[in-house]
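Take a look at the letters that make up each chain.
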Amino acid sequence: GTMVVTNGASLANGGTLVLNSGLFKANSLFADSDSSRVIFNGGTLQSGGTSYYVTYAGNAMPFVVGDGADLATFQLLNSGAHSFAGGLVVSSNALLTGAGTVNGNIFVGNGGTFAPGTTNASYLTVNGGLVLSNNCTTLLGLNPASGYTNHVEGLTNVVYGGTLPITNLASPAP
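Residues numbered from 1 in each chain as written. Predicted model: local features only at pLDDT ≥ 70, side-chain atom pairs only at ≥ 80, totals over all residues. Heavy atoms only, no water.

Peer 1: Sorry if this is basic, but what is going on with the overall build of the protein chain here?
Peer 2: If you tally the helices and strands in the protein chain, you get zero helices and 23 strands. On C-alpha atoms alone, the protein chain measures out to a radius of gyration of 16 Å, which is about the 16 Å that the 2.2 N^0.38 rule sets for 174 residues. Along the first, second and third principal axes, the C-alpha atoms of the protein chain reach 55 × 35 × 30 Å. Here the protein chain holds 174 residues, and 41% of them are scored as buried. Intrachain contacts of the protein chain at a sequence separation of at least 6 include 47% that bridge at least 24 residues. Working note: accessible area of the protein chain is about 8300 Å², and carbon and sulfur atoms make up 53% of it. (Helix = DSSP H or I, 4+ residues; strand = E, 2+ residues; numbered from the N terminus. Rg over C-alpha atoms; globule rule 2.2 N^0.38 Å. Buried < 20%, exposed > 50% of the residue type's maximum accessible area, 1.4 Å probe, protein only. Contact = heavy atoms within 4.5 Å. Areas by Shrake-Rupley, 256 points an atom, 1.4 Å probe, with all protein chains shown as cover.)

Peer 1: Explain the side chain of S28 to me, please; I cannot follow it from the model alone.
Peer 2: With respect to the helices and strands, S28 occurs in strand β3 (residues 23–31). Residue classification places S28 among the buried residues on the basis of a relative accessible area of 13%.

Peer 1: What should I look at first to understand the packing of aromatic side chains in this one?
Peer 2: Given two aromatic rings, their pairing is described by the distance between the two centres and the angle made by the two planes. A full pass over the atoms with the stated rule returns five aromatic pairs. On the numbers, 5.0 Å between centres and 85° between planes, the contact of Y52 with F63 is edge-to-face. With Y52 in strand β6 (residues 50–52) and F63 in strand β9 (residues 63–65), the pair connects residues that are 11 residues apart, well separated along the chain. Look at Y52 and you get buried, because its relative accessible area is 5%. Put simply, the rings of F40, Y52, F63, F74 and F84 pair up and form one aromatic cluster. (Phe/Tyr/Trp six-rings, centres within 6.5 Å; stacked < 30°, edge-to-face > 60°.)

Peer 1: Please clarify how the pairing of strand β5 (residues 43–47) should be interpreted in this entry.
Peer 2: Each regular strand shows side chains that alternate between the opposite faces of the sheet. Burial analysis of β5 places four of its five residues in the buried class, the great majority of the element. Bridge count between β3 and β5: four bridges; the pairing is parallel. If you follow A26 over to β5, its bridge partner there is S47. Relative to strand β10 (residues 72–76), β5 runs parallel, the two being bridged by five bridges. For G43, the partnering residue across the bridge sits in β10 and is A72. (Pairing = 2+ DSSP bridges.)

Peer 1: I'm lost on the nonpolar core in this one. Help?
Peer 2: Among soluble globular proteins, nonpolar side chains are generally buried collectively. Counting residues in hydrophobic clusters, the biggest one holds 32 residues, and the most contacted among them are F40, F63, F74 and I106. Looking at this core element by element, the count peaks at four residues for β3. Among residues more than four places away in sequence, those in contact with F40 are L19, L45, F63, V64, V65, G66, D67, A72, T73 and F74. (Core = buried A, V, L, I, M, F, W, Y, C linked by side-chain atoms within 4.5 Å.)

Peer 1: Would you mind going over unusual backbone geometry with me for this structure?
Peer 2: In terms of backbone geometry, most residues other than glycine have negative phi values and most peptide bonds are trans. In the Ramachandran plot, N93 falls in the positive-phi region, its phi being about 70° despite a non-glycine side chain. With respect to the element layout, N93 can be found in the loop between β12 (88–90) and β13 (94–98). Positive phi values are uncommon outside glycine, yet N135 reaches one of about 70°. Within the fold, N135 resides in the loop between β18 (129–132) and β19 (137–138).

Peer 1: I tried to follow the pairing of strand β11 (residues 81–84) on my own but got confused; where do I start?
Peer 2: Here β11 shows a buried face lined by H82 and F84 and an unburied face lined by A81 and S83. Both β6 and β11 contribute to a ladder of three bridges, which runs parallel. Bridge pairing in β11 places S51 opposite S83. As paired elements, β11 and strand β14 (residues 100–103) share three bridges and run parallel to each other. Opposite S83, over in β14, you have N103 as the bridge partner.

Structure representation (structure tokens):
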């Protein structure tokens, strides 16, 4: 099914959001307490802004996209700000895409896909590190006529593995 939250979805006072399939779309998503949890096994999560500061035994927990078995897509909407105190982990069979700013480290595991930007040329700013594991895929686009690209900027460090297909974003010739 589909659930669209036109304002913010807040788990700030505790609570659990479980997404196994379907679409959950929110203008903003907040999970900022020790008793909050987002369990994102599969489906599509679209967020215009995210604040994820969930701790366990005093340690910030990562926001995990997918359970490694089911298809999962996390799409960053509206060029918003997305903060992950414990980082952002993209599992096997999962996709991180969209534009905006990610505050925190991103780890793309084996079999995961990282596709900054959207179908047209745009970028993702990462205020943190980026680890692209072996056997992951990074999808980038380029419009040779205009010079626009889907790209990542602002990184503090990068560990690169996997494959890098480049897609032509220009319209086909008539």
